[in-house]
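# Tertiary structure, described
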Amino acid sequence: MKRTPQDPALPEAGDSGAGVGGSPPDSGTREASGRVAADLDARDPGGSAAAADVRQTGREAADGAGDVVSNGRAPGPLRGRFALATAGSLPLGRMARREYLPVLVTLALFVVLFATGSILYPAFGSGQIIIDLFIDNGFLLVAAIGMTFVILTGGIDLSVGAVIALSAMLSALLVEHVGLFVIPIVLAVGALLGFAMGYVIHHFEIQPFIATLAGMFLARGLCFVISIDQISIKHPLFAEWPHIPIPLPGDMFVKPTVFVAIAVLALAFWALHYTRFGRGVYAIGGNEQSALLMGLPVARTKIGAYVVSGTCSALAGMLFATYTLSGTGVHAVGMELDAIAAVVIGGTLLTGGSGYVLGTLLGVMLLGSIQTLIRFEGTLSSWWIKIVTGVLLFVFIVLQRTIAPKKSQKG
Amino acid sequence: MKALTKHRLFWPAAILVVMLLANVIVTPTFFRIELKNGHLYGSLIDIMLYGAPLILIALGMTMVIATGGIDLSVGATVAISGALACSIIAEQPDQEAVGGVLTAVAFALGLSLVLGLWNGLLVARIGIQPIVATLILMVAGRGVAQLITDGQIITINSEPYELIGGGYLFGFPFAVLVVAVVVAGTAVLIRRTALGLLLEAVGGNAEASRLVGIRARRLLVLAYVFCAFCAGIAGLMISSNIRAADGNNAGLWIELDAILAVVIGGTSLMGGRFSLAGTVLGALIIQTLSTTIYTTGVPPQVTLVFKALVVTAVCLIQSPAFRAKVFRRRRPTGPASPAPAEAEVAA
């Protein structure tokens, strides 16, 4: 039987493990052990929470099996976990610096892309283009920041695009009646949706994927319950005030929406790096069991991440509404994919526990500048944006894989 | 009775039956199946016909989820397969020619296999997390589909091609027959050989199954290829049914419906155990829900709200944590009982 070491970073595990896994077992054992695995699962029909824990330990033990085998000892749950812990902690100093690599690559790519654009098109290489990136992608940035929190905890939020559509719809519906109060109302709706999804995910142990998928259906459906047709927005809160150009030195200008996006970014940066909540988010993404054992408020933090995401999406929806000046149920279809792509390109691991909100900013800027460049090019059709985004995703994911091989095997 | 409710297919089946019965109350003729011009007609046949692509994709998705993975790219594969088939047929001098249609079908399915191979290699060889690996194709795939159709909606007029998604054979809709054959073939292959067992072993623990001598990587690739193949057939059905290829909207969000169908059917997203019958039930539940809403005259877009409610209900009912917390708390054993239950969960 051909045996290739699963983990290239641990060649010794492959070498000494060959004695155990390398000998070709006869088909009888093969089938028998397959049956054992199936039996194990059959005995635990999703089971009680305690059973789920046992299974979790089993998985971890198997993850650490490579290390255990290299010691030539029998794998046991405790030892497996221990081996995993030590293996993880040894190269920590080196890992911390290597973690910056995807962010740096994104930065380099952004600079290269921008330089190329400036050489090709003189109009491209101006500061105004960078500000325009913020103006045109402010809503995506805000949504992606919320997504960063959720992905850092190891979850995912598919409801982002739908919540954006819902809050644009709500804004359009309410702004004529309640004026400025529309902002807290819409933010509260977003936060409430986020809370509901987080609560279901944490307390009822529904996978984030499924729970936020239900949230997505609900939010989109509610858009159509409000109105099947498009509602246009004429209130100055959306139609005029956000579009007042604020002049900057050097013949440039910004719009108020840019400040909103930057404020959210600053707030997120502070929350993730300088508060207990932020440390908790990273800790849960790193290892939820450990976070729990350390006495961190896992439930509060995890639900909190979804509340942050819901609130950010609601805010993004209002920014989006200033951009489109209308609310309809088909707004922002697939925006969650753009947000996830921006987060991943920004160097955040989808398995959680590692990443930076500033990387997300770079991810959004990179995606935005690709769009701008393709628009400048003129001859390229819009679908190339999708293809290029896919290729970028591929490059960054493979890059992450080579940087942190141990981590990305999880899940 | 208790054994019955504990069966893993009990809840999906019960929900389907309740939904069908609710339909009969609203429209008494719901169960009626008529024979017109040698074709079977009726609401039940409609559910099967329009649910056919979803059942196929959910079937492929079950195999992938059984290995502990997930395939987000099936919607994109649906679009690409339909786009390629239609653009080949559109270029034929005679769109009615059977040979041309067969060529188109072969190319479309061949490309689907390649897409599945791409996903499988990313997951099994490079070792990327499945949700991330297939996200790449999900994002890029629609761009590729539009590239094939040149951003247009290609309409075709080819009777042999229309058979796939809208035609009848021996009185049955052809699509339903295709689904029946694929489901039966898969069931035989999975449950009468060791293949299903091996898939579950890989899903339970890929590393352990590799150590006991299962060729885990090859099985993983196989699962993704099979899933993409199913999506390819579904793409043919969808484009054939509307006689057009729409790179943007064909199969939009069908990956989410398929994953839902699998989850409703009782397959764990953690991998390691799966139920083909459950998946078929799940897909039928989703399709029945859509059909019900169409027949009751609610605006079709509002379907999403009901879908969200049904999904939440089904997932919560199946969630052991939910049952433990909600149903045990109602038991009048005094206020002390919920506390240990929660402590257990928290631990």
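Along each chain, residues carry numbers from 1 onward, in the same order as the chain's sequence is written. Chain labels run from A onward and ligand labels from 1 onward, assigned in the order the entries are written. Only residues with pLDDT of at least 70 are given local features in this predicted model, and only at 80 or more are side-chain atom pairs given and counted; all residues enter the totals for whole chains, interfaces and linings. Remark: hydrogens and water are excluded; side-chain values derive from all non-hydrogen atoms of the structure.

So, about the environment of A:His203. Along the chain, A:His203 turns up in helix 10 (residues 182–203). Spatially, the C-alpha atom of A:His203 lies 9.4 Å from that of A:Ile303, the residues being 100 residues apart in sequence. For this analysis, residues touch if any pair of their heavy atoms sits within 4.5 Å. Those residues in contact with A:His203, other than ones at most four positions away along the chain, are A:Ala299, A:Ile303, B:Ala321 and B:Lys325. Think of it this way: any DSSP run of H or I at least four residues long counts as a helix, any run of E at least two long counts as a strand, and we number them from the N terminus.

This next bit is on the UniProt feature "transmembrane region" (unreviewed entry) in chain A. Residues and elements named next belong to chain A. Mapped onto this numbering, the UniProt entry annotates "transmembrane region" (unreviewed entry) at residues 100–123, 129–151, 158–175, 181–201, 213–233, 253–272, 303–323 and 380–399. Across residues 100–123, helical content stands at 88% and strand content at 0%; the span's end C-alpha atoms are separated by 32 Å. Spanning residues 213–233, this segment combines 67% helix with 10% strand, and its end C-alpha atoms are found 28 Å apart. UniProt positions are given in the numbering used here, feature names are shortened, and annotations may be inferred rather than shown by experiment.

Okay, a nonpolar patch on the surface next. Like charges are joined within 9 Å and nonpolar side chains (Val, Leu, Ile, Met, Phe, Trp, Tyr) within 5 Å, but only among residues with over 30% relative accessible area and no salt bridge; these make up the patches. All accessible areas in this document rest on Shrake-Rupley with a 1.4 Å probe, and a residue is counted as covered only by the protein chains that are shown. Should a side-chain nitrogen of Lys or Arg be within 4 Å of a carboxyl oxygen of Asp or Glu, the pair is scored as a salt bridge. Nonpolar side chains collect at one region of the surface, where A:Tyr100, A:Leu101, A:Leu104, A:Leu107 and A:Val111 lie side by side and expose about 450 Å² of accessible area between them. Along the chain, the position of A:Leu104 falls in helix 7 (residues 100–120).

The subject of this paragraph is the confidence of the model for chain A. Residues and elements named next belong to chain A. Values of pLDDT, which run from 0 to 100, indicate the predictor's confidence residue by residue. Looking at chain A as a whole, the pLDDT averages 76, with 74% of positions reaching at least 70. Across residues 1–93 the pLDDT falls below 50, and counting only partners more than four positions away or on other chains, this stretch makes 100 contacts in the model. Scored below 50 in pLDDT, residues 405–411 makes 25 contacts in the model with residues more than four places away or belonging to other chains.

Attention shifts here to the nonpolar core. Working definition of a nonpolar core: buried Ala, Val, Leu, Ile, Met, Phe, Trp, Tyr and Cys residues. They are joined through side-chain atoms within 4.5 Å. Burial classification: accessible surface area is computed with a 1.4 Å probe over protein chains only, and a residue below 20% of its type maximum counts as buried, one above 50% as exposed, and the rest as partly exposed. Grouped together as the largest cluster of nonpolar side chains are 202 residues, with contacts concentrated most on A:Phe209, A:Ile210, A:Ile340, A:Leu393, B:Tyr161, B:Met237 and B:Ile259. Once residues within four sequence positions are removed from consideration, B:Met237 is found in contact with B:Ala52, B:Pro53, B:Leu56, B:Ile164, B:Gly165, B:Ala175, B:Val178 and B:Val179. Counting residues in hydrophobic clusters, the runner-up holds 7 residues, among them B:Ala79, B:Ile80, B:Leu115 and B:Leu137.

Turning next to the packing of aromatic side chains. Each aromatic ring pair is described using two quantities: the centre-to-centre distance and the angle formed by the ring planes. Ring pairs shown here join Phe, Tyr and Trp side chains whose ring centres sit within 6.5 Å, with only the six-membered ring taken for Trp; geometry is labelled stacked below 30 degrees between planes, edge-to-face above 60, and tilted in between. Within this structure, the stated rule accounts for 12 aromatic pairs over all chains. For the ring pair A:Phe114 and A:Phe124, a centre distance of 5.2 Å and an interplane angle of 50° mean the geometry is tilted. With A:Phe114 in helix 7 and A:Phe124 in the loop between helix 7 and helix 8 (127–152), the pair connects residues that are 10 residues apart, well separated along the chain. Comparing A:Phe114 with A:Phe124 shows no difference in burial state: the two are buried. Consider the rings of A:Phe124 and A:Phe376, whose centres lie 5.2 Å apart with planes at 80°: the pair is edge-to-face. Taken together, the positions of A:Phe124 in the loop between helix 7 and helix 8 and A:Phe376 in helix 18 (residues 357–377) put the pair 252 residues apart, joining distant regions of the chain. For A:Phe124, a relative accessible area of 1% gives the class buried. Residue classification places A:Phe376 among the partly exposed residues on the basis of a relative accessible area of 30%. Put simply, the rings of A:Phe110, A:Phe114, A:Tyr121, A:Phe124 and A:Phe376 pair up and form one aromatic cluster. Two conditions define a charge sitting above a ring: the NZ of Lys or the CZ of Arg must be within 6 Å of the ring centre, and it must be within 35 degrees of the ring normal. For the cation-ring pair, B:Arg191 lies above B:Phe274, with the distance from its terminal atom to the ring centre recorded as 4.4 Å. Between B:Lys307 and the ring centre of A:Phe217, over which it is positioned, the NZ or CZ distance is 5.0 Å.

Time to look at the side chain of B:Asp257. Inspection of the secondary structure assignment puts B:Asp257 in helix 12 (residues 254–264). Polar contacts, as counted here, are pairs of nitrogen or oxygen atoms within 3.5 Å of one another; within protein the pair requires one atom able to donate a hydrogen and one able to accept it, and residues that are adjacent in sequence qualify only if both atoms are side-chain atoms. A polar side-chain atom of B:Asp257 sits 3.0 Å from a polar atom in the side chain of B:Lys307. Residues in contact with B:Asp257, not counting those within four places in the same chain, are A:Phe217, B:Leu54, B:Ile286 and B:Lys307.

This brings us to the pattern of salt bridges. Residues and elements named next belong to chain B. Enumeration according to the criterion identifies 5 salt bridges over all chains in this entry. Across the pair Arg243 and Glu162 runs a salt bridge whose closest N-O atoms are separated by 3.4 Å. Of the two residues, Arg243 is situated in the loop between helix 11 (216–242) and strand 6 (244–246) and Glu162 in helix 7 (residues 159–166); the sequence distance between them amounts to 81 residues. Since its relative accessible area comes to 44%, Arg243 is described here as partly exposed.

We now examine the packing of helix 7 of chain B against helix 11 of chain B. Residue and element names in this part refer to chain B. Where helix 7 meets helix 11, the axes come as close as 7 Å, and the angle between the chain directions of the two elements is 115°. With respect to each other, helix 7 and helix 11 are oriented roughly perpendicular. The hand of the helix 7/helix 11 crossing is left-handed. In this structure, helix 7 contributes Tyr161, Glu162, Leu163, Ile164, Gly165 and Gly166 to the contact, and helix 11 contributes Leu236, Met237, Ser239, Ser240 and Asn241. Residues are sorted three ways: Asp, Glu, Lys and Arg are charged, Ala, Val, Leu, Ile, Met, Phe, Trp, Tyr, Cys and Pro are nonpolar, and all the rest, Gly among them, are polar. Its residues placed into classes, the contact of helix 7 with helix 11 shows 5 nonpolar, 5 polar and 1 charged. Helix axes are fitted to C-alpha atoms over the stretch in contact, other axes to C-alpha atoms as well, and angles between N-to-C directions run from 0 to 180 degrees. In this scheme, roughly parallel covers angles under 35 degrees and roughly antiparallel covers those over 145, while 65 to 115 is roughly perpendicular and the rest are oblique. For a crossing to be left-handed, the near helix must be turned anticlockwise from the far one by less than a right angle; the clockwise case is right-handed.

Before going further, it helps to spend a moment on helix 8 of chain A. Residues and elements named next belong to chain A. For helix 8, spanning 26 residues, the distance from its first C-alpha to its last is only 32 Å, which falls clearly below the expected 38 Å at 1.5 Å a residue. Throughout, bend refers to the angle between the axes fitted to the seven residues that end at a position and the seven residues that start at it. Largest kink in helix 8: about 70°, centred on Asn137. The buried fraction of helix 8 amounts to 22 of the 26 residues, a majority that puts the element mostly inside the structure. Immediately beyond the C-terminal end of helix 8, within one or two residues, lies Gly154, with a positive phi of roughly 90°. Here, expected helix span is obtained from the residue count minus one, scaled by 1.5 Å.

Residues and elements named next belong to chain B. Its 18 residues place the ends of helix 8 (residues 174–191) 26 Å apart at the C-alpha level, agreeing with the 26 Å of an ideal helix rising 1.5 Å per residue. Along helix 8, the residues that are buried comprise Ala175, Val176, Val178, Val179, Val182, Val183, Thr186 and Ile190. The buried residues of helix 8 occupy one face: seen down the axis, they fall within an arc of 155°. Along its buried surface, helix 8 packs onto helix 3 (43–66), helix 7, strand 5 (172–173), helix 9 (195–204), helix 11 and helix 13 (276–296). Working note: the arc is built from the helix axis to C-beta atom directions.

This part takes up the environment of B:Leu102. All names here are of chain B. Note on placement: Leu102 falls in helix 5 (residues 98–124). The exposure class assigned to Leu102 is exposed, which follows from its relative accessible area of 55%. The spacing of Leu102 and Tyr161 is 59 residues in sequence and 8.5 Å in space, taken between C-alpha atoms.

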